[in-house]
Amino acid sequence: MNLSKALYFGDFVASPIAIIALATMALAGRNIEAAGVWALALLAGVGAWTLVEYVVHRWVYHRVAFFEKFHDAHHADPRALIGAPSFFSAGVVLGVFFVPLLTVGLVTASGFASGALLGYIGYMMVHHVSHHVQPRPGTLLYQARIRHMAHHYHGTPGNYGVTTSFWDRVFSTNLERRRRPPMDAASG
């Protein structure tokens, strides 16, 4: 759905606040060992996020009719501010990652959910930059933009990962960048 700037950019504010709140809630009054567990869970959450990002993009946005119509609108107008309303996605991330993991413990649940939210922030940033900014060639953001543009314009389905190509390589959906054929000296 088309969003206002406030709803589009809201998760860029809400997600870091949620991470700070989760960390404060889980680590207040605890020792360094708890901080280490939290940090390891955070890394695991970031890694899990990359798989969730790939799965949602490939099998939800491109196969589930309700979500596909919104994602098709994004493909039709990639510069439009189209997406889920702000705070909805962050709430879903917390509902999927934090609440069920509370059975393992607050520190682990908080760290893992914070990692997933950090991955989500990375996804939002890379996706926004891919469509609205021209990163410098050679940078990681430039490479991510090239990969994502291949997803939009290649003609072959693939490159579902936005923040990383790892899962596209694992599931054989990685698209190589099309190269322009060299100019023939006789035609040029």
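Look up a bit, the structure's there.
A few points on the structure.

What counts as what
Along each chain, residue indices are assigned from 1 in the same order as the chain's sequence is written. In view of the model being predicted, local features appear only for residues whose pLDDT reaches at least 70, and side-chain atom pairs are presented and counted only at 80 or more, with totals across whole chains, interfaces and linings using the full set of residues. Only hydrogens and water are removed before side-chain values are computed, so all heavy atoms of the structure are retained for them. Helix and strand labels come from DSSP, where a helix needs a run of H or I of at least four residues and a strand needs a run of E of at least two; each type is numbered from the N terminus. To sort residues, take the accessible area from a 1.4 Å probe on protein chains only and compare it with the maximum for the residue type: under 20% means buried, over 50% means exposed, and anything in between is partly exposed. Contacts are residue-level and defined by heavy atoms, with any inter-residue pair within 4.5 Å sufficient. To measure how exposed things are, a 1.4 Å probe is used in the Shrake-Rupley method; for residues, cover is taken only from the protein chains shown. Think of it this way: Lys and Arg go in the positive column, Asp and Glu in the negative one, and His and the chain ends go nowhere. Note that the charge is assigned to NZ on lysines, CZ on arginines, CG on aspartates and CD on glutamates. What we call a nonpolar core is a set of buried Ala, Val, Leu, Ile, Met, Phe, Trp, Tyr and Cys residues that are connected through their side-chain atoms within 4.5 Å. Between N-to-C directions, angles span 0 to 180 degrees; the directions come from axes that are lines fitted to C-alpha atoms, helices contributing only their stretch in contact. Note on convention: near helix rotated counterclockwise from far helix by under a right angle means a left-handed crossing. Clockwise means right-handed. Each residue is assigned to one of three groups, with Ala, Val, Leu, Ile, Met, Phe, Trp, Tyr, Cys and Pro labelled nonpolar, Asp, Glu, Lys and Arg labelled charged, and all others, Gly among them, labelled polar. Think of a salt bridge as a Lys or Arg side-chain nitrogen and an Asp or Glu carboxyl oxygen that are within 4 Å of each other. Whenever a nitrogen or oxygen atom comes within 3.5 Å of another N or O atom, the pair is scored as a polar contact, on the condition that within protein one atom can donate a hydrogen and the other can accept it, and that pairs from neighbouring residues in sequence are kept only if both atoms are in side chains. One less than the number of residues in a helix, times 1.5 Å, gives the span that helix is expected to have. Note on angle classes: values under 35 degrees are labelled roughly parallel, values over 145 roughly antiparallel, values of 65 to 115 roughly perpendicular, and the remainder oblique.

Some thoughts on the overall build of the protein chain
Then, number 1: A tally of helices and strands in the protein chain yields seven helices and zero strands.
Then, number 2: Taking the principal axes of its C-alpha atoms as reference, the protein chain extends roughly 75 × 35 × 30 Å.
Then, number 3: The buried share of the protein chain, taken over its 188 residues, is 40%.
Then, number 4: Excluding contacts between residues fewer than 6 apart, the proportion of contacts in the protein chain whose partners are at least 24 apart in sequence is 65%.
Then, number 5: Taken as a whole, the protein chain presents about 10700 Å² of accessible surface, with 67% of it coming from carbon and sulfur.
Then, number 6: Each charge sign in the protein chain was given a centre, from 14 positive and 9 negative side chains, and these centres are 5 Å apart.

Brief notes about the nonpolar core
Then, number 1: If you look at the biggest cluster of nonpolar residues, it comprises 21 residues, and the most contacted ones within it are V93, F97, L117 and Y123.
Then, number 2: Contributing elements (two or more residues each) for this core: α1 (5-27), α2 (32-60), α4 (88-101) and α5 (106-132).
Then, number 3: Counting residues per element, this core draws most heavily on α5, which supplies ten residues.
Then, number 4: Setting aside residues up to four positions removed in sequence, F97 forms contacts with V52, F112, A113 and A116.

A closer look at the packing of α1 against α2
Then, number 1: At a closest axis distance of 10 Å, the pairing of α1 and α2 adopts a crossing angle of 145 degrees. In this structure, the crossing between α1 and α2 has a hand that is right-handed. Residues A23, A26 and L27 of α1 touch α2, and the partners they reach there are A34, A35 and W38.
Then, number 2: Residues of the contact of α1 with α2, tallied by class, amount to six nonpolar, no polar and no charged.

So, the side chain of R145
Then, number 1: With respect to the helices and strands, the residue R145 is situated in helix α6 (residues 140-153).
Then, number 2: This buried residue, R145, is left without a salt bridge; D77 holds the nearest opposite charge, at 12 Å.
Then, number 3: One polar contact links the side chain of R145 to the main-chain carbonyl oxygen of S130, over a distance of 3.1 Å.
Then, number 4: If near-sequence neighbours (up to four positions away) are discounted, R145 is found in contact with V129, S130, V133, Q134 and P135.

Remarks on α6
Then, number 1: An ideal rise of 1.5 Å per residue puts 20 Å on 14 residues; α6 measures up with 20 Å between its terminal C-alpha atoms.
Then, number 2: Burial in α6 covers these residues: A144, R145, R147, H148, M149, A150, H151 and H152.
Then, number 3: Positive phi shows up at G155, right after α6, with a value of about 95 degrees.

Quick word on the environment of I82
Then, number 1: Considering the arrangement of structural elements, one finds I82 in the loop between α3 (65-76) and α4.
Then, number 2: With 46 residues separating them along the chain, I82 and G36 place their C-alpha atoms 38 Å apart.
Then, number 3: When near neighbours in sequence (up to four residues on either side) are disregarded, I82 contacts M1, N2, Y8, F70, A73, H74 and D77.

Some words on the packing of α4 against α5
Then, number 1: At a minimum axis separation of 8 Å, α4 and α5 run at an interaxial angle of 155 degrees. Looking at the two axes, α4 sits roughly antiparallel to α5. Crossing handedness for the pair α4 and α5: right-handed. Contacts between α4 and α5 involve S89, A90, V93, L94, F97, F98 and L101 from the first element and L106, A109, S110, F112, A113, A116, L117 and Y120 from the second.
Then, number 2: Here the residues of the contact of α4 with α5 sort into 13 nonpolar, two polar and no charged.

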